[in-house]
Amino acid sequence: MRISRLLTKILCTCALAPLVITGLSAQSIPATKARLLDAIDGREQQLVAMSDEIWALAEVAFAETRSSKILADYAEGQGFSVRRGVSEMPTAFIAEYGSGSPIIGILGEFDALPGVSQRAVPEKSPLKPGAAGHGCGHNLFGVGSLAAAVAIKEAMERGEITGTVRFYGTPAEEKYFGKLYLARDGQFDDLDACLDWHPSDQTKTDVQSSLALVDFIVEFRGQAAHAAGDPWNGRSAADAMELMSAGINAYREHVRPSVRIHTHMQQAGSVVNVVPDYAKFWVRVRDSKREGMVPVWDRVKEIARGAAIMADVDYEITLVSGLHEVLVNRTGGTIMQSNLDLLGAIEYSEEEIAFAHGIQEATGKPRLGIDGSIHPLEATREHPGGASSDVGDVSWLVPEIRLGVTTAPIGTPWHSWAVVACGGMSIGHKGMLHASKALAMTMYDLFQNPKSLKAMRTEFEERRGDARYEAILPPTGPPIPEDGK
Ligand SMILES: [Zn+2]
C-alpha cells in the first residue's frame, strides 16, 4: 500500500569528516557514511538485477516463493544467518548479522498485485495479459531495504559499529498482511528500533499515521426455492445481503468523517430462477485510529444481524484480520530527515523525464515530470487519510522510522500498470538506491548513538500510553493458499 506525505528541514548535527562526496549534496557527508554509500553503489548492478528479477516474477501474496528465495539467498551469501519459513509462512524469512545490542530491524516486502502486468514502457502494454505486476513497487522495497542492511553489516565488519542488524522478509502485504503473524509470534519484540520505506511519487520522511482496518466475511444461509413456482418456500440469502448493504449505506451518514466502509458482494446465488440460499459479503471497516474503528465494526455486525432477521435467514461472521494505524515516531523521523537532507535530491536524465511525461500523458495527468526533491519534515496530522499497512502493527511493538522515496512520476495512479512500468526501469532503480542509502545512514546513526534510541523509545511509550498491542487475527492462520505452498 502506498505511503503518505511529508516534512521540515533539520540540519544535520553529525560531526563531519573531511571527505566530501560531490554530486550528491551541497553538504559534506562524513567519511563513515560515505562508505555506506560506496557499499550500495558498489553493488548497484547486483541490486538492480535482483529487483528486475523480482519485478519480472511478479509473485502475489504467499506465492512469492522465488522472490523470497532471491532475497534470502543474497542475504546468506553476504554472511547473514537466515531463518526461512518463519511464523508458519513459507515465504517469510529473517536475516541477521552481528550480535548483542542494539538490535535494529528493517522491513522488506516483495509481493505483487494481480492483474496489472506491464512492460517497462510508458504506455499500457501488459507483459502477460491478466497476470500480476509490481503495482506497488515491492520489487524495489525488498531489495532496497536488504541493501541497507548489507551496508550496515560492512560497517560492523570494519569495527565502526556494534550490535545486530536484522532484515525481515515480510510476505503478502497486499492481501493477507504477513507482518501480523510475525507480530503475533513476537518476532519484533526484542528490537530497539525498526525502519521501512515505500515507493512513492515524492521523497520524504513519513511522519503520518495510516488507517486502522478490520476485514470480515458475512455469510447468509436461507432456503432455496423456485423463484416463480413456489417463492413462498424460499428465504433469500441475497435479500439479507442487500438489506445489510442498505443498512450500511444509511449508517454512513452517521459515522465520523475519518471512517471508511467498503463492501464486496462475493456470492449471491448463480441463476435467476432460484431463490438464493447462500450469500457471501466481504466487509472492510477503516478509521484513523483503532479505537474509532472498533465501535463501527460492532455496529456493522449488528446491521448484519438485523438484515438476517428481516430476511429470516441464518448468518455467520468470520474475522479475516485487521490492521493497527501507524504509531508515528517523530524523533526517529528527524534522524531520517537529517540523512535525506545530506543525500540531497534524486536527479533524472532527459530520457527519464520524457518517460515520466509519457506516463503522465497515458494516465491523463498533467505533464509535471518527476519530483526527486527532498521534502521538508511535515507536521503530523491527526487524521491523515490515505491507506493502511501492516507496518502499523510493527509500529505498536517497536519505534518505527518510515520513509517514502520517489520511484514514479508526480501523480502516478498507484496500484496501476504505470507503477509497474516505472519499477522496472531506471526511475524505480534510482529511488530504490536512494532509499537504501538514507536507510543505511539512519541505521548507522542509531547504532552509533544510544541516546537517540532512548529518545525514540521515550516518544514511543508516550504515544502508546497504556494501550497494549494485540494482533487482530482469528485463532488460526496464516491462511496459506494452496498455490502458496
Ligand atoms: Zn505497498
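In what follows, the structure referred to is the one given above.
Being a predicted model, the structure only gives us computed values, none of them experimental.

## Considerations on the side chain of D393
Line of reasoning, step 1. In this fold, D393 is placed in helix α10 (residues 391-395).
Line of reasoning, step 2. The charged side chain of D393 is buried without a salt bridge, its nearest counter-charge being R290 at 7.4 Å.
Line of reasoning, step 3. Of note is the side chain of D393, whose polar atom sits 2.5 Å from the side chain of Y469.
Line of reasoning, step 4. Setting aside anything within four residues of it in sequence, one finds D393 in contact with L180, G322, L323, H324 and Y469.

## With respect to helix α3 (residues 65-77)
Line of reasoning, step 1. With 13 residues, α3 ought to run about 18 Å at 1.5 Å a step, and its terminal C-alpha atoms sit 18 Å apart, in line with that.
Line of reasoning, step 2. Looking at α3, one finds that the buried residues are S67, S68, I70, L71, A72, Y74 and A75.
Line of reasoning, step 3. Contact partners of the buried residues in α3: α2 (44-57), β1 (81-84), β2 (93-98) and α4 (138-157).
Line of reasoning, step 4. Of the residues one or two after α3, G79 is the one with positive phi, at around 100 degrees.

## Here we look at the packing of α2 against α4
Line of reasoning, step 1. The geometry of α2 relative to α4 is characterised by a closest axis approach of 8 Å and an angle of 150 degrees between their N-to-C directions. Classified by the angle between their axes, α2 and α4 sit roughly antiparallel to one another. For the element pair α2 and α4, the recorded crossing hand is right-handed. Contacts between α2 and α4 involve L47, M50, S51, I54 and W55 from the first element and N139, L140, V143 and A147 from the second.
Line of reasoning, step 2. When its residues are assigned to classes, the contact of α2 with α4 shows 7 nonpolar, 2 polar and no charged.

About the thresholds
Residues numbered from 1 in each chain as written. Predicted model: local features only at pLDDT ≥ 70, side-chain atom pairs only at ≥ 80, totals over all residues. Heavy atoms only, no water. Helix = DSSP H or I, 4+ residues; strand = E, 2+ residues; numbered from the N terminus. Buried < 20%, exposed > 50% of the residue type's maximum accessible area, 1.4 Å probe, protein only. Lys, Arg positive; Asp, Glu negative; His and termini not counted. Salt bridge = Lys/Arg side-chain N within 4 Å of Asp/Glu carboxyl O. Polar contact = N/O pair within 3.5 Å; in protein donor to acceptor, adjacent residues only side chain to side chain. Contact = heavy atoms within 4.5 Å. Expected span 1.5 Å × (residues − 1). Axes fitted to C-alpha atoms, helices over the stretch in contact; angles between N-to-C directions. Parallel < 35°, antiparallel > 145°, perpendicular 65-115°, else oblique. Left-handed = near helix turned anticlockwise from the far one by under 90°. Nonpolar A, V, L, I, M, F, W, Y, C, P; charged D, E, K, R; others polar.

The values reported here are purely geometric and, on their own, carry no functional implication.
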